[in-house]
Amino acid sequence: MAVSVRNGNMKIQDIENLEISLLLEAMYQRYGYDFRDYSRASVERRARQFLIKSGYKSISQMIPALLHDELFFQTLVREFSITVTEMFRDPGVYKVLKEKVFPVLKTYPFIKIWHAGCATGEEVYSLSILLREQGLYNRATIFATDFNDEALEKAKQGIYNLENVKQSTQNYQKAGGSESFSQYYHAKYDSIVIDKSLQKKITFANHNLVTDHSFGEMHLILCRNVLIYFNNTLQNRALNLFDYSLVPGGFLCLGNKESLLFWEKDKEYESIEDSAKIFQRKYLPECLNKTNDH
Amino acid sequence: MTTNIKEKKYEAVAIGVSAGGLKALIKVFSNLPADFPIPIIVTQHLNPSEDSYLAEILNRITLLPVKEAMDKEKIKPGNIYIAPPNYHLLLERNETISLSNDEKVNYSRPSIDAMFESAAYAWSGNLIGIILTGASIDGANGIRVIKNFGGLTIAEDPKAAEYPMMPKTAVDTGAVDKILTLSEINKFLINLSGVDKRAE
Ligand SMILES: C[S@@+](CC[C@H](N)C(=O)[O-])C[C@H]1O[C@@H](n2cnc3c(N)ncnc32)[C@H](O)[C@@H]1O
């Protein structure tokens, strides 16, 4: 970086930007959580919101607390990770999974599925329900990962607010569920508890898409509504990780507003259904042959 | 940094609109010249379960390309970008768009405040913020941030607006520079391209 003498009138926006860079650097060096390549506008918003709640006067004032107080760090991570999710979110996507991806999965003797950024687990249970209804659950091994331990803990428990059950049931029907949603949970006070038998094949684990590596070959990877929080560099890193973890012919399912457009391996994937953001990794040797034929 | 204050160069227009939005936007965008020099970003409150046909409709009434904003897309001059339903549209300092699924702001996603604030940080004093008809308080805070950073702020005249609450809330902050009718805003935008050409 060029060192130049500044005239004292640095704009407050630029000072704040500098403060946020320092905060993120402190978080990374002290705790190994790396938000430096997240979508900056989004991180700035969260940091400003957190500042208002916290009572500190400036973002840089939070740095000492961050360095010395692990609880403060945990609250900040919570603020930076957006865990909004729901059962059968974007039901149309599940429908496409069932109709276009499951038939291919059925040809495998066993299936490995990875939910990256699973948050509180609704997405994992939703897919498990459809897998079971289609007779695929018992041959599936499902990995559900997130870097937010608190969210993972909720995911493992599978206890959700009763308030959302109506919406979930509607979503389930739109997603192409073939039974009755109510058979997959029981109500307890103001919560629903997901049926334990649905957890049998799921392993929940902490995994950070910024710093951790691949842990095996998958047939289907879902990473929905996580990449929008990353900048381009980090999106590419995550996509390369998924690419490395997918068998040829494996599927990648992204969030509705996420795409492979700005990724260099874009051409090695085929869109299964544009609206659902489901892509299939091409069987590369075959595809090379094809281009040679032309 | 330029010292020429009179010929201040604006780099982007951000428009926030809610109820009554389609009609208002059609008026504001009509007859914009094809060589409109800067990008326009729009947050319109929409029903989240609806697909957004807004971009399609607007495309038919203006010469400028109108598109639903994509995540990490680079902003280009003379293009109009619309926030997709159910996502906040945020501006990055490197003039790309980030979409976000964060909590609603003022019961809204997309939120005008979220867009205005991030745009104000991205473009500082070179941003024009415009708030139009709507039955919401969304956008008023954002207008204040734009003004604080030296940008130009415009509200549709609440007396003429189909739904006055949103522009009125913005005006009440005391941070609005110009209160104009829709056709005056339209004229202002058309002139903007003229001014910009002279300045070059
Ligand atoms: C909005 S939620 C998406 C949940 C679910 N996939 C869905 O679409 O409904 C985003 C999740 O990504 C997680 N996340 C963010 N950054 C991550 C990272 N670097 N590694 C792993 N998970 C991350 C967050 O903790 C959060 O739970």
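Residues numbered from 1 in each chain as written. Chains lettered and ligands numbered in written order. Predicted model: local features only at pLDDT ≥ 70, side-chain atom pairs only at ≥ 80, totals over all residues. Heavy atoms only, no water.

**Focus on the environment of A:F143**
Residues and elements named next belong to chain A.
Then comes step 1: Tracing the backbone shows F143 in strand β2 (residues 140-146).
Then comes step 2: Residues F143 and E44, 99 residues apart in the sequence, show an inter-C-alpha distance of 31 Å.
Then comes step 3: When near neighbours in sequence (up to four residues on either side) are disregarded, F143 contacts K112, I113, W114, H115, T203, F215 and M218. (Helix = DSSP H or I, 4+ residues; strand = E, 2+ residues; numbered from the N terminus. Contact = heavy atoms within 4.5 Å.)

**Remarks on a nonpolar patch on the surface**
All names here are of chain A.
Then comes step 1: A grouping of M10, I12, I15, L18 and L22 is seen on the molecular surface, where their side chains present a nonpolar patch of about 440 Å² in accessible area.
Then comes step 2: In this structure, L22 sits in helix α1 (residues 12-31).
Then comes step 3: Judged by relative accessible area, which is 45%, L22 ranks as partly exposed. (Patch = residues over 30% accessible without salt bridge, like charges linked within 9 Å, V, L, I, M, F, W, Y side chains within 5 Å. Areas by Shrake-Rupley, 256 points an atom, 1.4 Å probe, with all protein chains shown as cover. Salt bridge = Lys/Arg side-chain N within 4 Å of Asp/Glu carboxyl O. Buried < 20%, exposed > 50% of the residue type's maximum accessible area, 1.4 Å probe, protein only.)

**A few points about the sheet that holds strand β5 (residues 191-194) of chain A**
All names here are of chain A.
Then comes step 1: With antiparallel pairing, three strands are arranged side by side in an open sheet as β3-β5-β4. A single partner strand is all that each edge strand has here, and the edge strands are β3 (159-161) and β4 (185-188). Taking the axes of each pair of neighbouring strands and ignoring which way they run, one obtains an average angle of 30° across the sheet.
Then comes step 2: Pairing geometry for β4 and β5, over four bridges, is antiparallel. Its bridge partner lying in β5, K188 is registered against S191. (Pairing = 2+ DSSP bridges. Axes fitted to C-alpha atoms, helices over the stretch in contact; angles between N-to-C directions.)

**Considering the packing of aromatic side chains**
Each aromatic ring pair is specified by the distance between its two centres and by the angle formed by the two planes.
Then comes step 1: One pass over the structure, following the stated rule, counts 22 aromatic pairs over all chains.
Then comes step 2: Plain terms: the ring middles of A:Y172 and A:F181 are 5.5 Å apart, the flat faces sit at 40° to each other, and that makes the pair tilted.
Then comes step 3: Among the residues examined, A:Y172 registers a relative accessible area of 0% and is labelled buried.
Then comes step 4: Since its relative accessible area comes to 2%, A:F181 is described here as buried.
Then comes step 5: Their ring planes at 85° and their centres at 4.9 Å tell us that B:Y121 and B:F149 sit as a pair that is edge-to-face. Note that B:Y121 is positioned in helix α3 (residues 112-123) and B:F149 in the loop between α4 (140-148) and β8 (152-156), a separation of 28 residues in sequence.
Then comes step 6: Among the aromatic residues, those joined into a ring-pair cluster are A:Y31, A:Y33, A:F35, A:Y38, A:F73, A:F80, A:F147 and A:F230.
Then comes step 7: Looking at A:R36, its charged tip hangs above the ring of A:Y28, at a distance of 3.9 Å from the centre. (Phe/Tyr/Trp six-rings, centres within 6.5 Å; stacked < 30°, edge-to-face > 60°. Lys NZ or Arg CZ within 6 Å of the ring centre and 35° of its normal.)

**Things to note about the pattern of salt bridges**
Then comes step 1: Using the criterion set out here, one finds 25 salt bridges over all chains in the structure.
Then comes step 2: The partner of A:E25 in a salt bridge is A:R36, and the shortest N-O contact between them spans 3.4 Å. Taken together, the positions of A:E25 in helix α1 and A:R36 in the loop between α1 and α2 (40-54) put the pair 11 residues apart, joining distant regions of the chain.
Then comes step 3: We classify A:R36 as partly exposed; its relative accessible area is 33%.
Then comes step 4: Among the salt bridges present, the one from B:K147 reaches B:D177, with a minimum N-O distance of 2.4 Å. Here B:D177 lies in the loop between α5 (165-172) and β9 (178-180) and B:K147 lies in helix α4, a separation of 30 residues in the sequence.
Then comes step 5: When its relative accessible area of 33% is taken as the criterion, B:K147 is described as partly exposed.
Then comes step 6: A cluster of three or more residues bridged by salt bridges with shared partners is formed by A:D14, A:E16, A:R40, A:E44, A:R48 and B:R93.

That is the geometry; function is a separate question.
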